[in-house]
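For reference, the chains in residue letters:
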Amino acid sequence: MKLQLKDVPGSLLRALEPVSIHGGNIIGVLHSRGEEELVSVQMSFEIKDQAALDLIKGDLKKQNIRVSEILLEGKRYYSKKTLSFILIGHVIDTDMRDTVDRLNEIGLVSDMDVVMPSPEKKSSVMMNVDVDDKRVKRLNRLINEICKEKNFLLIRSLEG
Amino acid sequence: MKLRSVKLTIIGFGEIGRGVARVLLKKRGFIERNYGVDLDVIAICEIDGSIIDENGIDLGETLRLVEDKKLKKHKNWSSMRALDVIKKVKSDIVLELTPSNIENGQPGLKHIKESLRRGMHVVTSNKAPLALKFSELQKIAYSNKVKLKYEATVGGALPIINLRRHALQINKIESIHGILNGTSNYILTKMAEEGVTMDVALREAQGVGIAEADPEYDIKGIDTGAKVAILANSLMDMGVSFRDIEITGIEDITPEAIELAKKHNCVIKLIGDVNRLEVSPRLVPVNHPLNVSGALNAIMIHADVARNITVVGHGAGGIETASSLFSDILSILG
């Protein structure tokens, strides 16, 4: 986890505390002090699950400590969000593979439930797409674009 | 105690106008005791004529006549049109209760403008003039030092505009979502509960008098869109018009989509989303406060201090809407 700390006494300790409070095992801390007001700190730790990570992030936020990046097992970690929606239209006949592939370019289609009453009638498809928090807007734009292009009625979730 | 005389003109004596008359007959004593005011209706205008009596119209007799479809038999009936009545009869408050016409807001728009310009307060349930010309009407009211009140334009009996004005003053409103149309909610509820098609649910709604013979405004989301525009302007100062609202109705929703939603613990509701200036069918979790059934309306406000507040109630009906109209009338009386 990469942090930006204020260069004042005790700030590093305040940043480490949430990790130990929530059961994390600190492996290492890299502390690079430059000439700027903020000090870059990179700390490596082990935690048991995502809930613990969320608690640590929450505590750091409360203390106004800025987290600039989180790497999980070497890969960039993201806060996952799942967008759920229903598409009504000729979803199968308008190249469903293409719809899913395009959605997968931004997120990951993790669940799909298709009801096709008869070939000539419109089908209804419920989809869940997992997506990085930061890419939600982009995914929403793409969903709107696909719906316009393929003439689907989109029923988004209230939060989406 | 000497009562202060306050004179009312009612324009539009349909379901809502009659609701006002019935509530006034029932609550006259309450208003006299609590506000020291003698409220007299001195003019009632319908599409083809009016009843005028400067000494106060007998509302009981007028209601009996209108129920028998004999309003024209009233001894004071004349063919004078509403606009002329506004010009000739000086009342304190004009109730503009004609049906909404989202194309151009008429005839309500000219009734409201003329009344305000002549120094009369206006209380209205007519959405279209507010949805189309909100800032213009506010300016006319302000420059003529009169009030324009419109609680009844959104959500029938639901206190939403006055809730913000009188109980949430310190708050910044961050989002508003609502089920603002009882007819579409009734239809979606029927489809979910009985597994019927849109056509069957609509016919049933018409059968019980919830849907109009021409349900286009309700089904296509136009009615909800007008209310979104009013809420955007009155609660969030967004300075928009009805034409800025992106609207998708419920006419293409399939029974299969309703079933899919149910399978995933959701319902489909026609939601007015004020932040997005959008009306569209949305998936709502079954345990969400906006999951209200039948013809009910529900509005959820998220405010920075109070956080979430949801108001649920009857969004239509003459008597229910009169509740909001009287809330405005009594706030003018002070």
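For the structure given in this document, a descriptive report is provided here. (Residues numbered from 1 in each chain as written. Chains lettered and ligands numbered in written order. Predicted model: local features only at pLDDT ≥ 70, side-chain atom pairs only at ≥ 80, totals over all residues.)

## Thoughts on the overall build of chain B
Applied cut-off: To qualify as a helix, a DSSP run of H or I must reach at least 4 residues; to qualify as a strand, a run of E must reach at least 2; elements of each kind are numbered from the N terminus. The atom set for the radius of gyration is the C-alpha atoms, and the globule formula is 2.2 Å times the number of residues raised to the power 0.38. Three exposure classes are used, based on other C-beta atoms lying within 10 Å of a residue's own C-beta, which is placed from the backbone: buried for 20 or more, exposed for 12 or fewer, and partly exposed in between. By the convention adopted here, residues make contact when the C-beta atoms placed from their backbones lie within 7 Å.
For chain B, the helix and strand inventory stands at 12 helices and 13 strands. For chain B, the C-alpha radius of gyration of 20 Å lies close to 20 Å, the compact-globule estimate for 334 residues. Along the first, second and third principal axes, the C-alpha atoms of chain B reach 60 × 45 × 35 Å. The buried share of chain B, taken over its 334 residues, is 47%. Across chain B, contacts joining residues at least 24 apart in sequence account for 71% of those joining residues at least 6 apart.

## As for the interface of chain A and chain B
Going by this rule: Gly counts as polar in this scheme, as do all residues outside two lists: the nonpolar Ala, Val, Leu, Ile, Met, Phe, Trp, Tyr, Cys and Pro, and the charged Asp, Glu, Lys and Arg. At least two bridges found by DSSP between two strands is the condition for calling them paired.
Residue-level contacts link 15 residues of chain A with 18 residues of chain B. Secondary-structure elements contributing two or more residues to the side of chain A that touches chain B are strand E7 (80-89), strand E8 (108-115), strand E9 (123-132) and strand E10 (153-157) of chain A. For the side of chain A that touches chain B, a count of residues per class yields 9 nonpolar, 3 polar and 3 charged. Strand direction decides the pairing type here: E10(A) and strand E11 (residues 278-285) of chain B, joined by 2 bridges, are parallel. Its bridge partner lying in E11(B), Arg156(A) is registered against Arg282(B).

## What about the nonpolar core?
Under the convention used in this document: A set of buried residues drawn from Ala, Val, Leu, Ile, Met, Phe, Trp, Tyr and Cys, joined through C-beta atoms within 7 Å, is what defines a nonpolar core.
One finds Ile86(A) and Leu95(B) to be the most contacted residues of the largest nonpolar core, which totals 113 residues. Looking at which element gives the most residues to this core, the answer is helix H10 (residues 222-236) of chain B, with 8 residues.

## With respect to helix H1 (residues 15-35) of chain B
In an α-helix, one turn spans 3.6 residues; hence positions three or four apart end up facing the same way. Residue and element names in this part refer to chain B. The following threshold applies: A helix's residues, less one, multiplied by 1.5 Å, set its expected span. Note on bend: the value at a residue is the angle between axes fitted to the seven residues ending there and to the seven starting there.
Taking 1.5 Å per residue as the helical rise, H1 with its 21 residues ought to reach 30 Å, whereas the 26 Å between its terminal C-alpha atoms falls clearly short. In H1, a bend of some 60° at Lys27 exceeds every other bend along the element. Three or more residues of H1 are buried, namely Ile16, Gly17, Arg18, Gly19, Val20, Ala21 and Leu24. In this structure, the buried side of H1 is in contact with strand E1 (4-11), strand E2 (37-46), helix H2 (59-67), strand E5 (93-96) and helix H12 (318-333). At the C-terminal side of H1, Gly36 shows a positive phi close to 60°.

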